[in-house]
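A closer look at the structure
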Amino acid sequence: MRHLMSPLDFSVEELDQLLDLAGDIERHPEKYAHACDGKKLATLFYEPSTRTRLSFEAAMLNLGGSVLGFSSAASSSASKGESVSDTIRMISCYADICAMRHHKEGAPMVASAVSSIPVINAGDGGHQHPTQTLTDLLTIRSLKGRLGNLTIGLCGDLKFGRTVHSLVKALARYENVTFVFISPEELRVPSYIKEDVLDAQNLPYREVERLEDVMADLDILYMTRVQQERFFNEEDYIRLKDFYILDNKKMSLAKDDMIVMHPLPRVNEISVEVDKDPRAAYFRQVQYGVYVRMALILTLLEVKVC
Ligand code: NCD
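Residues numbered from 1 in each chain as written. Predicted model: local features only at pLDDT ≥ 70, side-chain atom pairs only at ≥ 80, totals over all residues. Heavy atoms only, no water.

**Points about the site of the ligand**
For the record, the criterion: The criterion for a residue being near a molecule or strand is simple. One of its heavy atoms has to lie within 4 Å of it. Any pair of N or O atoms that falls within 3.5 Å is considered a polar contact. Within protein, one atom must be able to donate a hydrogen and the other to accept it, and sequence-neighbouring residues count only if both atoms are side-chain atoms. Residue burial considers only the protein chains on display, and all accessible areas are found by Shrake-Rupley using a 1.4 Å probe. Numbering of helices and strands starts at the N terminus; helices are DSSP runs of H or I of at least 4 residues and strands are runs of E of at least 2. Each residue gets one label: Ala, Val, Leu, Ile, Met, Phe, Trp, Tyr, Cys and Pro are nonpolar, Asp, Glu, Lys and Arg are charged, and the others, such as Gly, are polar. Domain boundaries shown here were taken from an automatic or database domain assignment.
The environment of the ligand is formed by Arg51, Thr52, Arg101, His129, Gln132, Arg162, Thr163, Arg225, Gln227, Pro263, Leu264 and Pro265. Here an oxygen atom of the ligand sits 2.8 Å away from a polar atom, N or O, in the side chain of Arg162. Interatomic distance of 2.9 Å between a backbone N/O atom of Leu264 and a nitrogen atom of the ligand. For the ligand, whose accessible area on its own is 310 Å², the fraction buried by protein is 94%. For the shell around the ligand, the secondary structure elements donating two or more residues are α2 (51–62) and α6 (162–171). Tallied by class, residues from the shell around the ligand come to 3 nonpolar, 5 polar and 4 charged. Looking at which domains feed residues into the shell around the ligand, each of domain 1 (7–128 + 289–300) and domain 2 (131–286) gives three or more.

Now the structure itself:
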């Protein structure tokens, strides 16, 4: 039985197969409409979510399966003091697969150690968010036609943004990817990512503060929100929250075929005027998230569709 804790749990070849499957689902959704008849997905969300939880649920429903779960710690027995290990042992009796989001780094890993059903990490604290990364890889492959030979700018809260941490790890495995980290000093990408992932493989990267200085070099601009819930003090959040605002003026500096991605939710970091720009890919990214989660559920449940 397999779980998904980190995007690196799949080899590059396995990821290719998963993205191919997601592509086939996009083209022929009817083929998969009953692939999970009679199967259940549990969504255990101890932390708020709109897209991730609902896209998992939509994915399972699109496959003919059903869903159960909770959407906040307050509405689960966690509020009575139940441990993650006990909860997952019980959920294993109700469902065939589960997706878990937790504010504590490593909680889904703890669950996977005692679970008798596949556990998917749907975001653990400021650590990893592997299914957002699968979504991002499918979006990049679909819209740019490749996962290598790219210059990607990651902008915003690179310290607490788990989507950034997972995406850097995943993209570092492809040829000729250059990373440009755009953040204020306080929100720089953690040193464990720089040392263990980038320096360890001699991968080139730059750290800058001004978005305007690098806009023209980018094939992809990955914007992120400042993660208010992970700040220790409100004053720092208020000072940093509007550090970057992508608007049409900044977009005019970019290549014609650059794409703008964002895991969403957006707060102020992308002005709504940019939504009309054909390079804005963040709402298309949401749709790719459903296809890729369908492919992931099929893969972890080992369901084959001919
Ligand atoms: C991201 C997350 O939860 O980490 N959202 C998502 O899952 N699409 C990004 C965020 O909350 O800023």
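**Re the pattern of salt bridges**
For clarity, the threshold we go by: The rule for a salt bridge is simple: a side-chain nitrogen of Lys or Arg has to be within 4 Å of a carboxyl oxygen of Asp or Glu. To sort residues, take the accessible area from a 1.4 Å probe on protein chains only and compare it with the maximum for the residue type: under 20% means buried, over 50% means exposed, and anything in between is partly exposed.
Applying the stated criterion across every chain yields a total of 21 salt bridges. The partner of Arg27 in a salt bridge is Asp24, and the shortest N-O contact between them spans 3.9 Å. Highlighted residues: Arg27 and Asp24, both in helix α1 (residues 12–27), separated by 3 residues, approximately one helical turn. Since its relative accessible area comes to 56%, Arg27 is described here as exposed. A relative accessible area of 16% places Asp24 in the buried class. One salt bridge in this structure joins Glu207 and Lys194, with 3.0 Å as the shortest N-O distance. Linking Glu207 in strand β7 (residues 205–208) with Lys194 in helix α7 (residues 191–198), this pair joins segments that are 13 residues apart in sequence. With a relative accessible area of 28%, Glu207 lands in the partly exposed category. We classify Lys194 as buried; its relative accessible area is 12%. One salt-bridge network, held together by shared partners, links Glu185, Arg188, Lys194 and Glu207.

**Let's talk about the packing of helix α5 (residues 130–144) against helix α10 (residues 282–300)**
Let me state the cut-off plainly: For helices, the fitted axis covers only the stretch in contact; all axes are lines through C-alpha atoms, and the angles between them, taken along N-to-C directions, range from 0 to 180 degrees. Crossing chirality is assigned from the near helix's rotation relative to the far helix, an anticlockwise turn below a right angle marking it left-handed and a clockwise turn marking it right-handed. By definition, residues are in contact when any of their heavy atoms lie within 4.5 Å.
Here α5 crosses α10 at 115°, and the two axes come no closer than 8 Å. As for the relative orientation of α5 and α10, their crossing is right-handed in sense. Of α10, the residues touching α5 (which contributes Thr131, Gln132, Leu134, Thr135, Asp136, Leu138, Thr139, Ser142 and Leu143) are Arg284, Gln285, Tyr288, Gly289, Tyr291, Val292, Arg293 and Leu296. Among the residues forming the contact of α5 with α10, the class breakdown is 7 nonpolar, 7 polar and 3 charged.

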